[in-house]
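Now for the letters of each chain:
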Amino acid sequence: MPFLSQQGPRRMGYSVRTVLDWAYGGIDHSIPGNGGQECSDFLTIKQRLLETISFVLLGLLVLYFGYKIIARDPKLPSSYDRTDPAMKRVLLIVLCVTFGIEIGFKFVGREVVYLMNPCHIVTIVQIYLLAAPPSKSSSVVFRLCMHWGHGPVLALLLPVLNTRLLPFEVEVYYIQHVLIYFIIPPYLLWLGGAYTIESISDLKWSVVSFGYQCFYHFGPLQLVAFLTQANLNNMLCPAISDPFYGPYYRCWAVLHQAGLILLHNKTYTTVVLGVISLFHGITSLFHKRAKVHGKAEYSNGKLE
């Protein structure tokens, strides 16, 4: 019995060390901007605490007042179509397989902590939207998720690939980001119903989405980044290519992310809805011509 009681804590300690090694043991701190002590010390503790308290409070205040405003008049769909299109299930399978492979890469590379990065959170949210039946909750989640699309497009325009060394790791990166930006949001907008967006003049959802981003980045994401010394979404130190590189790069990031949340969402949804409307117009025109042609053939047949 004493032997077993000694083995228990040892096994537990081994398990904890193994889990932590999977989480961040494979992160290469020699790559600039990837993490490590130097990256963690980029900002002083005083400045880090001041920014954290300020922006977490800002995020919470924005969330509180934003939700109070939305609760008065959410303007959500009043009825929901519960049908489950085959294409929706196909996209769910494709996204789950792609994300599953990405999770596998993170375990093999012992970088599981990187799954907390925003693009992976967007992927998880979209899996929920494809899997869950249309409802008021999915409408709320969809509208918030549509305001986080600037992350995937920036990841496609400015990809960081120098740490992706495994076979097909780069290809899976592009497939995942194409799916969550070019494929799934437009498809859900095309379905309509629960997946409708607010009017272009309605800024309430943009404000709430900004509050979520502030709280998530300066709260849970920064805490895990600081404890593991993994530079999650550049919360410890700026990217070497950051145009705002310097001690106040995070303050600048809050400003330009607030603008991107608003401008990108309104532009993106306007373009996508315009393309969908054009597609519907073209298909309806072809249907009308087909009907007219069919009636003409029927009339000619009767006359003969």
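Quick note: structure is the one above.
Since the structure is predicted, the reported quantities are computational estimates derived from the model, not experimental observations.

> Quick rundown of the side chain of Arg143? Include the residues and the values.
Within the secondary structure, Arg143 sits in helix 6 (residues 136-146). Salt bridges are absent for the buried Arg143, whose nearest opposite-charge side chain, Glu198, sits at 4.4 Å. Setting aside chain neighbours within four positions, we find Arg143 in contact with Pro74, Lys75, Leu76, Pro77, Thr196, Ile197, Glu198 and Trp205.

> Outline unusual backbone geometry, supporting the account with residue identities and numerical values.
Here the phi dihedral of Arg110 falls at roughly 55°; this positive angle occurs in a residue that is not glycine. By relative accessible area, which is 31% here, Arg110 ends up partly exposed. In this structure, Gln229 takes a positive phi of about 60° despite not being glycine. As for its placement among the helices and strands, Gln229 is situated in the loop between helix 9 (204-228) and helix 10 (249-303).

> Outline the nonpolar core, supporting the account with residue identities and numerical values.
Leu95, Leu129, Leu130, Phe142, Leu188 and Leu189 are the most contacted members of the largest nonpolar core, which totals 38 residues. When residues of this core are assigned to their parent elements, the largest contribution, eight residues, is made by helix 8 (residues 169-191). Phe55, Phe210, Ala230 and Leu236 belong to the second-largest nonpolar core, a separate cluster that totals 18 residues.

> Provide a residue-level description of helix 5 (residues 118-131), including the pertinent values.
The terminal C-alpha atoms of helix 5 lie 20 Å apart, and with 14 residues this matches the ideal 20 Å at 1.5 Å per residue to within 8%. For helix 5, the secondary structure elements touched by its buried residues are helix 4 (86-108), helix 6, helix 7 (150-157) and helix 8.

> Lay out the state of the cysteines in plain terms, naming residues and giving numbers.
Among covalent bonds in proteins, the disulfide is the one between the sulfur atoms of two cysteines. Enumeration according to the criterion identifies one disulfide in this entry. Put simply, Cys39 and Cys237 are joined by a disulfide, and their sulfur atoms are 2.0 Å apart. Because the sign of the S-S torsion sets the handedness, a value of about -95° for the bond joining Cys39 and Cys237 places this disulfide among the left-handed ones. Residue Cys39 is located in helix 2 (residues 37-40), and its partner Cys237 is located in the loop between helix 9 and helix 10; the two are separated by 198 residues in the primary sequence. Residue classification places Cys39 among the buried residues on the basis of a relative accessible area of 5%.

> Tell me about the side chain of Thr269, and name the residues and values.
Looking at the element boundaries, Thr269 is found in helix 10. Look past the residues within four positions of Thr269 in its chain and what remains in contact with it is Met146 and Ile197.

> So, the pattern of salt bridges: which residues are in play, and what are the values?
Taken as a whole, this structure holds eight salt bridges when the rule is applied. Salt-bridge contacts for Arg250 lead to Glu51; the nearest nitrogen and oxygen are separated by 2.8 Å. Here Glu51 lies in helix 3 (residues 45-72) and Arg250 lies in helix 10, a separation of 199 residues in the sequence. The class for Arg250 is buried, based on a relative accessible area of 2%.

> Break down the packing of aromatic side chains for me, with residues and values.
Within this structure, the stated rule accounts for 13 aromatic pairs. A centroid spacing of 5.1 Å and a plane angle of 75° characterise the contact between Tyr64 and Phe65, whose relative ring orientation is edge-to-face. A relative accessible area of 47% places Tyr64 in the partly exposed class. The exposure class of Phe65 is partly exposed, given its relative accessible area of 47%. Between the aromatic rings of Phe244 and Trp252, the centroid separation amounts to 5.3 Å while the plane-to-plane angle is 15°, which identifies the pairing as stacked. Looking at Phe244, the relative accessible area reads 31%, which means it is partly exposed.

About the cut-offs
- Residues numbered from 1 in each chain as written.
- Predicted model: local features only at pLDDT ≥ 70, side-chain atom pairs only at ≥ 80, totals over all residues.
- Heavy atoms only, no water.
- Helix = DSSP H or I, 4+ residues; strand = E, 2+ residues; numbered from the N terminus.
- Buried < 20%, exposed > 50% of the residue type's maximum accessible area, 1.4 Å probe, protein only.
- Lys, Arg positive; Asp, Glu negative; His and termini not counted.
- Salt bridge = Lys/Arg side-chain N within 4 Å of Asp/Glu carboxyl O.
- Contact = heavy atoms within 4.5 Å.
- Core = buried A, V, L, I, M, F, W, Y, C linked by side-chain atoms within 4.5 Å.
- Expected span 1.5 Å × (residues − 1).
- Disulfide = S-S within 2.5 Å.
- Phe/Tyr/Trp six-rings, centres within 6.5 Å; stacked < 30°, edge-to-face > 60°.

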